[in-house]
Every structure is written in C-alpha cells, then in structure tokens.
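Structure at a glance
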Amino acid sequence: MKHPAKKLTKADQELIAAATAAIKQRYRDDWQEVGAALRTRTGKVYTGVNLDAYLGRMAVCAEAVALGRAFVDLGDAGIDTIVAVRHPAPEEKDRSIAVVSPCGACRELIFDYDPKARVIVPNGRTPGVVPIADLLPNKYRRGEG
Ligand SMILES: [Zn+2]
C-alpha cells in the first residue's frame, strides 16, 4: 500500500547532512558522485560513496557501500533510514547536492536487509520519507511466499 511521503525528522536531516559531507569529501568527476548515509536500528550512522569503475558493470552504488561498512562493523543491525544524495558534475549549472531516489537494484538490497526501512526520497521542493515497500511493489521472490 502506498503512503504519502512523510516530513523529515531532525534525525533524517542529519542523515542527509552525513551523506552530503561524504560525497563533498570524496567527489571525483566521473568516478564518485553519489553519497549515501544510513542509520542502523541500533542508532549508528554509516556513510558510503559510489564506486564507479572503468568496467561499468563492476560499479557499486553508495547505498551498498554504506550497508557494507555497517554490516562489517555490526552484523545484521537493520536499516532504520537510508538516503542517497548526488553531487553535480562540473558542467552542471545547479550546484546543489540533492537527494536522489535509490536505483532499482538498491531498492532490492535495502528491502532484503530491512523490509521496514525508511527511505528519504525527492518529494517536490523538500525531500520526504517513504517505506521501502512503497518503492518496490510486487518484489521478486523465489518460490512461494
Ligand atoms: Zn543503487
């Protein structure tokens, strides 16, 4: 069931700030342009940036890097909330780092690690929060269930 996007909490704003700081620090034209941050259900924040690759299919999204860092540290601590932000390329006029939606593969990944995760997404003038299930209707499953 689809819900209207909810307003951001202070903790959500902090997550956007963490993702923004990560990509500001590690931005490289054509290589790193997306930052992500997630808050585990234990309350810890992890950041990631995308790993682009000369061989395109080896590229890894920022959300997956953040999740990997969290998993190595804590094991399966769940995802309370996750967000990705995109840094503009040098030729873009709009210089703002803005919230972007997770790609399809990341939606699968987020759902697999926490089907109740909250996701911060673009929502008109200010970002909003939706449950991951709303971003992935009729999710692929093996066999029954
Ligand atoms: Zn992705």
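Residues numbered from 1 in each chain as written. Predicted model: local features only at pLDDT ≥ 70, side-chain atom pairs only at ≥ 80, totals over all residues. Heavy atoms only, no water.

**As for empty space enclosed by the protein**
Applying the stated criterion across every chain yields a total of 2 cavities of 30 Å³ or more. What the largest cavity holds in volume is close to 60 Å³. Forming the walls of the largest cavity are Thr40, Leu67, Ala70, Phe71, Gly75, Asp76, Ala77, Gly78, Ile79 and Tyr113. In terms of residue count, the dominant contributor to the lining of the largest cavity is helix α2 (residues 62-74) (3 residues). Looking at the lining of the largest cavity residue by residue, the classes come out as 6 nonpolar, 3 polar and 1 charged. (1 Å grid on protein atoms, 1.4 Å probe; cavity = no way out; pocket = protein on both sides within 12 Å on 5 of 7 lines; lining within 4 Å. Points joined across faces, edges and corners; volume = space filled by probe spheres on them. Helix = DSSP H or I, 4+ residues; strand = E, 2+ residues; numbered from the N terminus. Nonpolar A, V, L, I, M, F, W, Y, C, P; charged D, E, K, R; others polar.)

**Observations concerning the layout of surface pockets**
The computed volume of the largest pocket comes to approximately 150 Å³. Lining the largest pocket are His3, Pro4, Lys6, Lys116, Ala117, Arg118, Val129, Val130 and Pro131. It is strand β6 (residues 128-131) that contributes the most residues to the lining of the largest pocket, 3 residues altogether.

**Let's talk about helix α3 (residues 104-113)**
Looking at α3, one finds that the buried residues are Cys106, Arg107, Ile110 and Phe111. Angularly, the buried residues of α3 cover 135 degrees about the axis, an arc narrow enough to put them on a single face. (Buried < 20%, exposed > 50% of the residue type's maximum accessible area, 1.4 Å probe, protein only. Arc of directions from axis to C-beta.)

**Let's talk about the coordination of the zinc ion**
Listed as protein donors to the zinc ion are Cys61 (SG), Cys103 (SG) and Cys106 (SG); their distances from the metal cover 2.2 to 2.3 Å. The sequence pattern describing where the donors of the zinc ion fall on their chain is C-x41-C-x2-C. Of the two residues, cysteine 61 is situated in the loop between β2 (45-49) and α2 and cysteine 106 in helix α3; the sequence distance between them amounts to 45 residues. For cysteine 61, a relative accessible area of 29% gives the class partly exposed. (Donors = N, O, S within 2.8 Å, 3.2 Å for Na, K, Ca; no water.)

**A few points about helix α1 (residues 10-26)**
Between its first and last C-alpha, α1 extends 25 Å over 17 residues, near the 24 Å set by a 1.5 Å rise per residue. Considered for burial, the residues of α1 that qualify are Asp12, Leu15, Ile16, Ala19, Thr20, Ala22 and Ile23. Axial view of α1: buried residues confined to an arc of 160 degrees, hence all on one face. Among the exposed residues of α1, those pointing more than 90 degrees away from its buried face are Lys10, Lys24 and Gln25. (Expected span 1.5 Å × (residues − 1).)

**A look at the pairing of β2**
β2 sits mainly inside the fold: 4 of its 5 residues count as buried. Examined bridge by bridge, strand β1 (residues 34-39) and β2 share 5 bridges and lie antiparallel to one another. Looking at the pairing, leucine 38 lines up with tyrosine 46 of β2. Linkage of β1 to β2, two consecutive antiparallel strands, is achieved through a turn of 5 residues, within which glycine 43 is found at a positive phi near 90 degrees. (Pairing = 2+ DSSP bridges.)

**Observations concerning the packing of α2 against α3**
Taken N-terminus to C-terminus, the directions of α2 and α3 make an angle of 25 degrees; their axes are 10 Å apart at the nearest point. Of the possible angle classes, the one that applies to α2 and α3 is roughly parallel. Considering how the two elements wind past one another, α2 and α3 form a crossing that is left-handed. Residue-level contacts link Glu63, Ala64, Leu67 and Phe71 of α2 to Cys106, Leu109 and Tyr113 of α3. Broken down by class, the residue content of the contact of α2 with α3 amounts to 6 nonpolar, no polar and 1 charged. (Axes fitted to C-alpha atoms, helices over the stretch in contact; angles between N-to-C directions. Parallel < 35°, antiparallel > 145°, perpendicular 65-115°, else oblique. Left-handed = near helix turned anticlockwise from the far one by under 90°. Contact = heavy atoms within 4.5 Å.)

**Concerning the nonpolar core**
Residues Leu38, Ile79, Ile82, Ile110, Val119, Ile132 and Leu135 are the most contacted members of the largest nonpolar core, which totals 16 residues. If you list the elements that add at least two residues to this core, you get α2, α3, β5 (118-121) and α4 (132-135). It is α2 that contributes the most residues to this core, 3 residues altogether. Once you skip the residues sitting within four places of it in the chain, isoleucine 110 turns out to touch Ile79, Ile82, Pro102, Ala117 and Ile132. In this structure, Leu15, Ala19, Ala37 and Val129 belong to the second largest nonpolar core, which totals 13 residues. (Core = buried A, V, L, I, M, F, W, Y, C linked by side-chain atoms within 4.5 Å.)

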